[in-house]
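A closer look at the structure
Chain by chain, the residues run as shown.
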Amino acid sequence: MKGFGVACCLLLAAIPGGYAERRFPPPDFETGYTQPPVVFQEVRTPVSQYVDLTLLVVCLAIGTWLLHYRRSRRGIFLLGLFAVLYFGFYKNGCICPIGSIQNVTLALLDPHYPISLAVIGIFIAPLLFSLFYGRVFCGGVCPLGAIQDLFLFRTLRVPRWLEGSLGLCRYFYLGIAIYTVAEYSRFVICEYDPFVGFFRMSGLPWKLGLGAALLGIGLFIPRPYCRYLCPYGGLLSLLARRSSTWVRITPTDCTNCTLCDAACPYEAILRPEEPIRPEGSWRFKIILASLGVMALFIASGFYLFGTALSGILLSTWFGVVIASKMMTQAFSNRRNHFETDHAACLSCGRCYEYCPYGKTMQEIDAHAG
Amino acid sequence: MSKPDPAEGRRSFLEKMTKGVSFFALGGVTGKLLSNALREEMVWQIDPLKCIQCGNCATACVLTPSASKCYHDFSMCGYCRVCTGFFPTDPTTLDEGAENQLCPVGAIQRKFVEEPYYEYEIDRTLCIGCARCAKGCTSYGNGSLYMQIDRTLCVNCNQCAIALVCEGKAFSRVPVEQQYVLKGSRMS
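The text that follows walks through the structure, step by step, so that each part is easy to find. Since the model is a prediction, treat every value here as computed from it, not as a measurement.

Things to note about the overall build of chain B
Regarding its fold elements, chain B presents 5 helices and 7 strands. In terms of C-alpha radius of gyration, chain B reaches 27 Å, well past the compact-globule figure of 16 Å for 188 residues. Over its C-alpha atoms, taken along the principal directions, chain B stretches across nearly 105 × 35 × 25 Å. Residue burial in chain B is summarised as follows: out of 188 residues, 52% are buried. In chain B, once contacts between residues fewer than 6 apart in sequence are set aside, the share between residues at least 24 apart is 72%. Surface exposure of chain B reaches about 9,000 Å², of which carbon and sulfur atoms provide 58%.

Now the structure itself:
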């Protein structure tokens, strides 16, 4: 019997052409045996992404209300906690707006790439909120930001020039991510997502290690991923520069007490300073230098990538990022009071609690209400 | 402040301009995206006809054990006594002893039906997705054992980690309404 079976196998396997499987006919059972059906278990809820999108928009709206109308740090904290638990641990971190950059890039380049409405919504909603209300998403809706916020322990001050320069890494990362997804269809943002391993409670050791290292750095330099790496944060920053409303530290007049500046863990508060308008010729030199840097990057793009358009675009993007940062140094604003830096503010609401006027207002409200 | 500073006016005009531009850029991107958007949600699945049973499913998935599991389509099965998905290709003895089984975790249960037929059933709570049984069955048998992603386990990563290393390029996103790619119905 055994020999027959094996011989059958060999004989049938040797028959050329056609589809190689189904070598043995289904048996005719004599004992009345019925074949059990194959059980394919369906996914939990087929509309889950739409539920997520709705929840995301609701969370953004609640975050906006808490930040700009209630001015409640505690509310933002609780919202962040919810985001970590739901978007993080329950949904295992996918799909998030940060990763959706790549889906959107692919969909824009390839009309046949399947992208669902929910993903488009998840990508656009935080950007729109950022354009009108600042980076509300970063403050209490992003699970990656919120988990880092929980690990804040002692804040080390980062010099402003270093903060600004490291912040450019977000745009470099954004460029690299878009380049990789366009060229190789690889999702680097998702592959090197440092915290998603914690949400799934499993992952490669080096990735969990990377996440742990970032959380460790975050004990002293709060939210390093958001400030120096997050590509979506970079996009949100760009839009938040023109936001209609933003985190106003004090509800009344600023007395320049410096408490908010000391309380902000993210170096996101601009100090009052005399306008350092660079002299005409000096300003001209800066602009000239930045144009030079840009030309250098474009040239090196041609040198490194030859005629590959995407490579040249990547190199040009690097040049544009550096050159525009240099150019902003040539212009400066006059400030008389402490103000939030719209682009850098992560909307955590900590400054509200430290502003002496904010406190008084809250107390008055409490007594009145 | 009777006389407005011309620099201030210029600045606010520029700010409004850039805000408008960003708003319309966002709108444009949304419109472009909506033009080829799908209403249904997409989930990752294996095309069993492309799968070459390389075994990467077992190790590459972000979950441990892998969300990729072996499924058994009974309607395709030959109920072989010498099942090449159950026994190694050179079996020493044809009994159910663990040392004689191909499955490293003993996830396949063999049940006698009638002479000479045996039923093979997979306990997916034990399966680690190594695809050895599927390889044996597809190479020498009917191909009724094949790999699919268990949709109740898969977390639907934006970038499937197995898809990156899949040697048969068998992974693709499918609409959630047809979340399993069945071999039986495809071949009919």
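Side note on the pattern of salt bridges
Pairs may arise between side chains of opposite charge once their charged atoms sit close together. All names here are of chain A. Scanning the model with the defined rule gives 13 salt bridges over all chains in all. We note a salt bridge from Arg 157 to Glu 267, for which the minimum N-O separation is 2.9 Å. On the criterion of sequence distance, the pair formed by Arg 157 in the loop between α7 (143–149) and α8 (160–184) and Glu 267 in the loop between α14 (259–263) and β2 (269–270) is long-range, its members being 110 residues apart. When its relative accessible area of 4% is taken as the criterion, Glu 267 is described as buried.

What to know about unusual backbone geometry
For the peptide bond that leads from Thr64(B) to Pro65(B), omega is -5 degrees, which places it in the cis range. Tracing the backbone shows Pro65(B) in the loop between α2 (57–60) and β3 (68–72). Note that the residue after Glu115(B), namely Pro116(B), is joined by a cis bond; omega there is -5 degrees. As for its placement among the helices and strands, Pro116(B) is situated in the loop between β4 (108–114) and β5 (117–122). Even without glycine at this site, Thr258(A) takes up a positive phi of about 70 degrees. When you line up the elements, Thr258(A) lands in the loop between α13 (231–240) and α14. Although it is not a glycine, Ser347(A) sits at a positive phi angle of roughly 60 degrees. Looking at the element boundaries, Ser347(A) is found in the loop between β3 (339–340) and α17 (350–354). Assessed through its relative accessible area of 2%, Ser347(A) is described here as buried.

A look at the packing of α8(A) against helix α16 (residues 309–330) of chain A
Residue and element names in this part refer to chain A. The geometry of α8 relative to α16 is characterised by a closest axis approach of 10 Å and an angle of 165 degrees between their N-to-C directions. Taken together, the axes of α8 and α16 lie roughly antiparallel to each other. You can see that α8 and α16 cross each other, and the crossing is right-handed. Listed contacts from α16 to Gly 164, Leu 168, Tyr 171, Phe 172, Leu 174, Gly 175, Ile 176, Tyr 179 and Glu 183 of α8 are Ser 310, Gly 311, Leu 314, Trp 317, Phe 318, Val 321, Ile 322 and Lys 325.

What to know about the pairing of strand β7 (residues 171–175) of chain B
All names here are of chain B. By the criterion of burial, β7 is predominantly enclosed, with 4 of the 5 residues buried. Two elements, strand β2 (residues 42–46) and β7, share 5 bridges in a ladder whose sense is antiparallel. Each residue of the ladder has a partner; that of Met 42, found in β7, is Pro 175.

Remarks on the environment of Gly121(A)
Residue and element names in this part refer to chain A. Considering the arrangement of structural elements, one finds Gly 121 in helix α5 (residues 117–133). Judged by its relative accessible area of 18%, Gly 121 is buried. Among residues more than four places away in sequence, those in contact with Gly 121 are Leu 53 and Pro 126.

Some thoughts on the interface of chain A and chain B
When the parts come together, some accessible area is lost, and that loss is often what is quoted as the size of the interface. Facing 69 residues of chain A, the contacting portion of chain B comprises 70 residues. Carbon and sulfur atoms supply 60% of the area buried between chain A and chain B, which totals about 5,900 Å² over both sides. Contact with chain B buries area across many residues of chain A, yet Arg22(A), Phe40(A) and Arg242(A) alone supply 12% of it, more than any other trio. Run the count over chain A and chain B and you get 20 residue pairs in polar contact (both at pLDDT 80 or more). Listed by contribution, the elements that provide at least two residues to the side of chain A that touches chain B are α1 (2–14), α2 (48–70), α4 (97–109), β1 (115–116), α5 and α9 (188–191) of chain A. Taken together, the residues of the side of chain A that touches chain B break down into 38 nonpolar, 18 polar and 13 charged. Of the pairings in the sheet, the one linking β1(A) to strand β1 (residues 37–38) of chain B comprises 2 bridges and is parallel in character.

A closer look at α13(A)
Extensive coverage of α13(A) is indicated by the burial of 8 of its 10 residues. Looking only at α13(A), the buried set comprises Pro231(A), Tyr232(A), Gly233(A), Gly234(A), Leu236(A), Ser237(A), Leu239(A) and Ala240(A).

Quick notes on the packing of aromatic side chains
On inspection of all chains with the given rule, the structure shows 25 aromatic pairs over all chains. Here the aromatic rings of Tyr179(A) and Tyr184(A) are separated by 6.3 Å at their centres, their planes lie at 85 degrees, and the arrangement is edge-to-face. When its relative accessible area of 53% is taken as the criterion, Tyr184(A) is described as exposed. A centroid spacing of 5.8 Å and a plane angle of 50 degrees characterise the contact between Tyr192(A) and Trp206(A), whose relative ring orientation is tilted. Taken together, the positions of Tyr192(A) in the loop between α9 and α10 (196–200) and Trp206(A) in helix α11 (residues 205–218) put the pair 14 residues apart, joining distant regions of the chain. Judged by relative accessible area, which is 39%, Tyr192(A) ranks as partly exposed. Joined through ring pairs, the aromatic side chains of Phe29(A), Tyr33(A), Tyr79(B) and Tyr117(B) make up one cluster.

Quick look at the side chain of Arg71(A)
Residues and elements named next belong to chain A. When you line up the elements, Arg 71 lands in the loop between α2 and α3 (73–90). What makes Arg 71 buried here is its relative accessible area of 18%. Of the polar contacts made by the side chain of Arg 71, one reaches the backbone oxygen of Ile 249; its length is 2.7 Å.

Thresholds applied
Residues numbered from 1 in each chain as written. Chains lettered and ligands numbered in written order. Predicted model: local features only at pLDDT ≥ 70, side-chain atom pairs only at ≥ 80, totals over all residues. Heavy atoms only, no water. Helix = DSSP H or I, 4+ residues; strand = E, 2+ residues; numbered from the N terminus. Rg over C-alpha atoms; globule rule 2.2 N^0.38 Å. Buried < 20%, exposed > 50% of the residue type's maximum accessible area, 1.4 Å probe, protein only. Contact = heavy atoms within 4.5 Å. Areas by Shrake-Rupley, 256 points an atom, 1.4 Å probe, with all protein chains shown as cover. Salt bridge = Lys/Arg side-chain N within 4 Å of Asp/Glu carboxyl O. Axes fitted to C-alpha atoms, helices over the stretch in contact; angles between N-to-C directions. Parallel < 35°, antiparallel > 145°, perpendicular 65-115°, else oblique. Left-handed = near helix turned anticlockwise from the far one by under 90°. Pairing = 2+ DSSP bridges. Buried area = accessible area lost by both parts, 1.4 Å probe. Polar contact = N/O pair within 3.5 Å; in protein donor to acceptor, adjacent residues only side chain to side chain. Nonpolar A, V, L, I, M, F, W, Y, C, P; charged D, E, K, R; others polar. Phe/Tyr/Trp six-rings, centres within 6.5 Å; stacked < 30°, edge-to-face > 60°.

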